[in-house]
Amino acid sequence: MLMRHPWKTDIAPSSITPESVWQGRRKFLRSATLAPLAVGTPSIALATPSNDPIGPALLASRNAKWSADEPANSWRDITSYNNFYEFGTGKGDPEKYAHRMQLTPWAVKIDGAVRNPMTLDTDSLRKLAPLEERVYRLRCVEAWSLVIPWIGYPLSHLLKHVEPTEDAKYVVFTTALQPDSMPGVRQPILDWPYVEGLRMDEAMHPLTLLTFGLYGHELPAQNGAPLRIVIPWKYGFKSGKSLARIHLQREQPTTSWMRAAPQEYGFYANVNPDVPHPRWSQATERRIGTGFFASRIPTQPFNGYEKDVAGLYRGMDLRRNF
């Protein structure tokens, strides 16, 4: 049974005021100012840097069952403090550089151990299932955290659509590689492109979200536009951004961080306050937006989703399978 922590609030997800509402006036004024400039815009669209929600709204119904009972961070918190090493290792580098990424045209290949391989553009992927808004906790392996209102649908909808075969034991996610737009890939930080993966039962779990937006708008480039995966009970690096390929296979993949530092980053990467990183404790975390000197909060097993996902790992030694 999960214990309720004293730092958690009693604010229901339904009481969170969407940032799109209070940003509405600024968005309207900005749109009115920029509208004359839209004439003659090239057909190749690029992400646009902004501190406010921009772009078409994504209509989605709130799924209270799978939403955390904590207030979401602000749009500014979520879009200005990111790890996206393709654009640099600084937390502000993605916001500074990711607008260079080409977002249309965009296609995702879904292949491997499937009976119905396909390549789909972003619009086709969005239409495969109704979009939902879910407020998820995000816990970084660096011991900081956010609460984010994502928009998407369970990855299982897409996987069922391509009909996995009996050889489909793992799902591998590959991030797009755009060297001209991504200054970080010029550095030998990782073996590019970025690769992550899940066991098939993890990928099929209803919490695993194929994600297209946040705060009622399309994903900003620095947060993984035009689509990403979100697995809220795992450290954030498991949630691959700007996906170009989803591949199903029999063998467990060697992911990017496993290849770079296998003594520090395992395949599972489940949030576990009892298993420290070799260089720091995971027992507590710092919530972004509360101020650098704010009290740290206790880290929850599986990031607070223990009752929903612990059964996936029954009988496993989670210290060895970190």
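Keep in mind that what you see is a predicted model, and the values were worked out from it rather than measured. The numbering scheme is per chain: residues are counted from 1 as the chain's sequence reads. The predicted nature of this model means local features are confined to residues of pLDDT at least 70 and side-chain atom pairs, given and counted, to a pLDDT of 80 or more, with totals for whole chains, interfaces and linings taken over all residues. Heavy atoms from the whole structure form the basis of all side-chain values; hydrogens and water molecules are not counted.

What is the right way to read the packing of aromatic side chains from this model?
Any aromatic ring pair is given by two values, namely how distant the centres are and how the planes are angled relative to each other. A pair of Phe, Tyr and Trp rings is counted when the ring centres sit within 6.5 Å of each other, with Trp represented by its six-membered ring. The angle between the planes then sorts it: under 30 degrees is stacked, over 60 is edge-to-face, the rest tilted. Counted by the stated rule, this structure contains 11 aromatic pairs. Relative to Tyr 305, the ring of Tyr 136 has its centre 6.0 Å away and its plane inclined at 75 degrees; by these criteria the two rings are edge-to-face. Placement of Tyr 136 in strand S4 (residues 132-139) and of Tyr 305 in the loop between strand S13 (297-298) and helix H9 (306-309) is noted, with a sequence separation of 169 residues between them. Considered together, Tyr 136 and Tyr 305 belong to a single accessibility category, that of buried residues. Residues Phe 267 and Tyr 268 carry aromatic rings whose centres are separated by 5.2 Å and whose planes lie at 85 degrees to one another, so their mutual orientation is edge-to-face. By the burial criterion, Phe 267 is buried, and Tyr 268 matches it. Here the aromatic residues Tyr 170, Phe 267, Tyr 268, Phe 302 and Tyr 313 are joined through ring pairs into a cluster of three or more. The ring centre of Tyr 305 lies 4.8 Å from the NZ or CZ of Arg 137, which sits over that ring. Charge over a ring is defined by NZ of Lys or CZ of Arg lying within 6 Å of the ring centre and within 35 degrees of the ring normal. Over the face of the ring belonging to Phe 267 we find Lys 238, whose NZ or CZ atom lies 4.3 Å from the ring centre. By the criteria applied, helices consist of DSSP H or I runs no shorter than four residues and strands consist of E runs no shorter than two, each listed in order from the N terminus. Relative accessibility thresholds used throughout: buried, under 20% of the residue-type maximum; exposed, over 50%; partly exposed, between the two (1.4 Å probe, protein chains only).

How should the pairing of strand S6 (residues 170-175) be read in this particular structure?
In terms of burial, S6 is a largely internal element, six of the six residues being buried. Burial along S6 is two-sided: the face carrying Tyr 170, Val 172 and Thr 174 and the face carrying Val 171, Phe 173 and Thr 175 are both buried. One bridge is not enough; two strands pair if DSSP finds at least two bridges between them. Taken together, the five bridges between S6 and strand S7 (residues 195-199) define a ladder with antiparallel strand orientation. The residue bridging Tyr 170 from the neighbouring strand is Arg 199, located in S7.

How do you make sense of the sheet that holds strand S2 (residues 107-112) when you look at a structure like this?
Sheet strands pair by backbone hydrogen bonding; their relative direction is either parallel or antiparallel. Pairing is mixed in the open sheet, where five strands are placed in the order S3-S2-S11-S6-S7. Strands with a single pairing partner mark the edges of an open sheet, and in this sheet they are strand S3 (118-121) and S7. Strand-to-strand twist in this sheet, taken as the mean axis angle between neighbours without regard to direction, amounts to 15 degrees. Sheet analysis places S6 next to strand S11 (residues 243-249), joined by six bridges and oriented antiparallel. Each residue of the ladder has a partner; that of Val 171, found in S11, is Leu 248. Contacting S2, S3, S6 and S11, helix H6 (residues 155-162) crosses the sheet at an angle of about 140 degrees to S3. Here an angle of 0 to 180 degrees is reported between the N-to-C directions of two axes, which are lines fitted to C-alpha atoms, with helices fitted over the stretch in contact. We call two residues contacting when some pair of their heavy atoms lies within 4.5 Å.

Explain the side chain of Lys 91 to me, please; I cannot follow it from the model alone.
Turning to its location among the elements, Lys 91 is positioned in the loop between helix H3 (75-80) and helix H4 (93-97). Here a polar contact is taken to be a pair of N or O atoms separated by no more than 3.5 Å, where protein atoms must pair a possible hydrogen donor with a possible acceptor and residues adjacent in sequence count only if both atoms sit in side chains. Of note is the side chain of Lys 91, whose polar atom sits 3.2 Å from the side chain of Asn 83. Only 3.1 Å separates the side chain of Lys 91 from the side chain of Glu 142, close enough to count as a polar contact.

What should I look at first to understand the pattern of salt bridges in this one?
Where charged atoms from two side chains of opposite charge come close, those side chains can pair. When a carboxyl oxygen of Asp or Glu is within 4 Å of a side-chain nitrogen of Lys or Arg, the pair counts as a salt bridge. What the rule picks out here adds up to 19 salt bridges. Of the charged contacts, one joins Asp 191 and Arg 259 as a salt bridge, the two residues approaching to 3.8 Å between their closest N and O atoms. With Asp 191 in the loop between S6 and S7 and Arg 259 in helix H8 (residues 256-260), the pair connects residues that are 68 residues apart, well separated along the chain. Among the residues examined, Asp 191 registers a relative accessible area of 48% and is labelled partly exposed.

Looking at this structure, I do not really get the pairing of S3. What am I missing?
It is a general feature of regular strands that their side chains alternate between the two faces of the sheet. Going residue by residue along S3, you find Met 118 and Leu 120 tucked away on one face and Thr 119 and Asp 121 left uncovered on the opposite face. Judged from the four bridges that link them, S2 and S3 form a sheet pairing that is antiparallel. Across the sheet, the residue bridging to Val 108 is Leu 120, located in S3. Hairpin remark: S2 followed by S3, antiparallel, with five residues in the connecting loop.

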